Amino acid sequence: MSEASAFSQVTAPPEMTGETGPHSIRVLISDDHPLVREGLRRLLGLENDLEIVGEAGDGESTVALVEKLDPDVVLLDLRMPGMDGFGALQKIQQLSKRTKVIVLTASEDKNEFVRAMKMGCSGIVLKQTASELIVKSIRRVHAGEIWLDSHTTAAVMRQFATPVDGPPQSNLRSRDRSPLSQREREIVALVAQGYKNKEMAEKMFISEQTVKNHLHNIFDKLGVSDRLELALYAIHKGLHTEDQG
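On a predicted model such as this, the values are computed, not experimentally measured, just so you know.

Engineer: Help me understand helix α10 (residues 197-204), please; the structure alone is not making it clear to me.
Structural biologist: Spacing of three or four residues puts side chains on the same side of an α-helix, whose turn is 3.6 residues. Listed in full, the buried residues belonging to α10 are Asn197, Met200, Ala201 and Met204. Looking straight down α10, one finds its buried side chains confined to an arc of 100 degrees; they lie on one side. Turned more than 90 degrees off the buried face of α10, the exposed positions are Lys198 and Glu202. Two residues or fewer past α10, phenylalanine 205 is found with a positive phi of approximately 60 degrees.

Next up, the structure:
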C-alpha cells in the first residue's frame, strides 16, 4: 500500500520551524523508513527558508505527490518497495522539469550514482553526511547548482570516462584542443568545488557578470552543456585543485 502524506503547511510547532516566507523552498521527503522521514522533517524544520510540503514512503506515492504539490526539491531514497527511486526519478523527470531531485542514499554504489545523474537528478547526498550539508545541498540545488561532494564527483567522473561510455570519453579528448586561460582554469576549479557565481565573484574580486562571461566562454571552448559536465571535466584534468592564490 502506498504511504504518503501532504501538508498545506509545516505541521511541526513554530519553535521548531520558524516562520516560512513566501519564497521558502518547498521540499518533499521520499523514504520508506518512517524514522528517516521524521529525522529529516525535524532537521529541515529548523530552517526558516525550508518548508516540508509532503512525505512519501515509496516511488508511486512520490510521483503522485510531485504531480499534486509541484515541490521545488525532492529528497529521494533509491531503494524503496514497489517502484524504487530510479523509477520515481524517471517519472518525475517526465512530469516536471522544474522540480529538482536530490538522491539521499545510504548506498555507496558508484554505478547507482552515475545512473541517477544520467537520469537527471541534481545532486547526490549520502545519508551519513553531516546535517548541515544536507541543508546546504537543498539550497544549492534549488539555486540551480549540481551537488556532489568531492568523493562522489570523482566516482561519477571515473564512471563517465570509462570506455563503456564512448561518447563522453571522445568528447573529453576533443576538448583538449581548446586550452583555457589561467583565469578560466580558476573558474573551472571553483565550479568543481561547488561555488556559485556570486561566491566566485567575491572570492576572485570580480563582478558576477564577469564570472558569467567567463563561464560562457569556458562552456563554448570545452563544448560542455552544464556545470556538472564542467565539474567532471575539471576532475578528469586535475583542475579542481588549482591554486586560487
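Engineer: Looking at this model, I keep getting lost on unusual backbone geometry. Mind explaining?
Structural biologist: Where the residue is not glycine, phi is negative for most of them; where a peptide bond is considered, it is trans in most cases. Here the phi dihedral of aspartate 70 falls at roughly 50 degrees; this positive angle occurs in a residue that is not glycine. Mapping aspartate 70 onto the fold places it in the loop between α3 (59-69) and β4 (73-76). Looking at aspartate 70, the relative accessible area reads 34%, which means it is partly exposed. For phenylalanine 205, which is not a glycine, the phi torsion comes out positive at approximately 60 degrees. Here phenylalanine 205 shows up in the loop between α10 and α11 (208-222). By relative accessible area, which is 76% here, phenylalanine 205 ends up exposed.

Engineer: It is not clear to me how the confidence of the model for the chain should be interpreted in this structure. Could you clarify?
Structural biologist: Should pLDDT be low for a region, the predicted coordinates there are not to be read in detail. Scored by pLDDT, the chain comes out at a mean of 79, with 75% of its residues at no less than 70. Counting interchain partners and residues more than four positions distant, the pLDDT-below-50 stretch residues 7-21 has 24 contacts. Segment residues 162-178: pLDDT under 50, and 16 contacts once partners within four positions in sequence are set aside and those in other chains are kept.

Engineer: Explain the packing of α10 against α11 to me, please; I cannot follow it from the model alone.
Structural biologist: A packed helix pair is summarised by two numbers, namely the angle formed by the two axes and the spacing between the axes. Axis separation between α10 and α11 bottoms out at 8 Å; the angle between their running directions is 110 degrees. It follows from the interaxial angle that α10 and α11 lie roughly perpendicular. Touching Asn197, Lys198, Met200 and Ala201 of α10 are Glu208, Val211, Lys212 and Leu215, all from α11. Here the residues of the contact of α10 with α11 are counted per class, giving 4 nonpolar, 1 polar and 3 charged.

Engineer: Which parts of the structure should I look at to understand the pairing of β4?
Structural biologist: The two faces of a sheet get side chains in turn, since along a regular strand they alternate between them. Where burial is concerned, the two faces of β4 agree: the one with Val73 and Leu75 and the one with Val74 and Leu76 are both buried. Alignment of strand β2 (residues 25-30) against β4, held across 4 bridges, turns out to be parallel. Following the sheet pairing, isoleucine 29 is matched in β4 by leucine 75. Of the strand pairs in this sheet, β4 and strand β5 (residues 100-105) are connected by 4 bridges, and their pairing is parallel. Counterpart to leucine 76 in the pairing with β5 is valine 103. The handedness of the β4 to β5 crossover, carried by helix α4 (residues 85-95), is right-handed.

Engineer: Hey, could you run me through the packing of helix α9 (residues 182-192) against α10 in this one?
Structural biologist: For the pair α9 and α10, interaxial distance at closest approach is 10 Å and the crossing angle is 130 degrees. Between α9 and α10, the angle is such that the two are oblique. Read as a crossing pair, α9 and α10 show a hand that is right-handed. Residues Arg183, Glu186, Ile187, Leu190 and Val191 of α9 form the contact with α10, whose participating residues are Met200, Lys203 and Met204. Across the contact of α9 with α10, the residue classes tally to 5 nonpolar, no polar and 3 charged.

Engineer: Any chance you could explain the packing of aromatic side chains here in plain terms?
Structural biologist: Each pair of aromatic rings is reported with the distance of its centres and the angle of its planes. Throughout the structure, instances matching the rule amount to 0 aromatic pairs. The ring of phenylalanine 86 carries the charged tip of arginine 115 above its face, separated from the ring centre by 3.9 Å.

Rules and cut-offs
- Within each chain, residues carry numbers counting from 1 in the order of the written sequence.
- Whole-chain, interface and lining totals are the exception, using all residues; otherwise, since this is a predicted model, local features are given only for residues with pLDDT of at least 70 and side-chain atom pairs are given and counted only at 80 or more.
- Processing note: side-chain calculations cover all non-hydrogen atoms of the structure and skip hydrogens and water entirely.
- Each residue's exposure class comes from its accessible area (1.4 Å probe, protein chains only) as a fraction of the maximum for that residue type: buried when under 20%, exposed when over 50%, partly exposed otherwise.
- Going along the chain from the N terminus, every DSSP run of H or I of four or more residues is numbered as a helix, and every run of E of two or more is numbered as a strand.
- Arc definition: directions from the helix axis to the C-beta atoms.
- Scored from 0 to 100, pLDDT reflects the predictor's confidence in each residue.
- Contacts are assigned to residue pairs that have any heavy atoms within 4.5 Å of one another.
- Axis definition: a line fitted to C-alpha atoms, limited for helices to the stretch in contact. Angles are taken between N-to-C directions and run from 0 to 180 degrees.
- Should an angle lie under 35 degrees it is considered roughly parallel, over 145 roughly antiparallel, and from 65 to 115 roughly perpendicular; all remaining angles are considered oblique.
- Classification convention: Asp, Glu, Lys, Arg as charged; Ala, Val, Leu, Ile, Met, Phe, Trp, Tyr, Cys, Pro as nonpolar; all other residues, Gly among them, as polar.
- Strand pairing follows a simple DSSP-based rule, namely that at least 2 bridges must link the two strands.
- Here, the term right-handed applies to a crossover whose path from the first strand over the helix to the second runs clockwise when the strands point away from the viewer.
- Crossing handedness follows the turn of the near helix against the far one: under a right angle anticlockwise gives a left-handed crossing, and clockwise gives a right-handed one.
- Note on aromatic pairs: the rings of Phe, Tyr and Trp (six-membered ring only in Trp) are paired at centre separations within 6.5 Å, and the planes decide the class, stacked below 30 degrees, edge-to-face beyond 60, tilted for the rest.
- Two conditions define a charge located above a ring, namely a distance within 6 Å from the ring centre to NZ of Lys or CZ of Arg, and an angle within 35 degrees of the ring normal.

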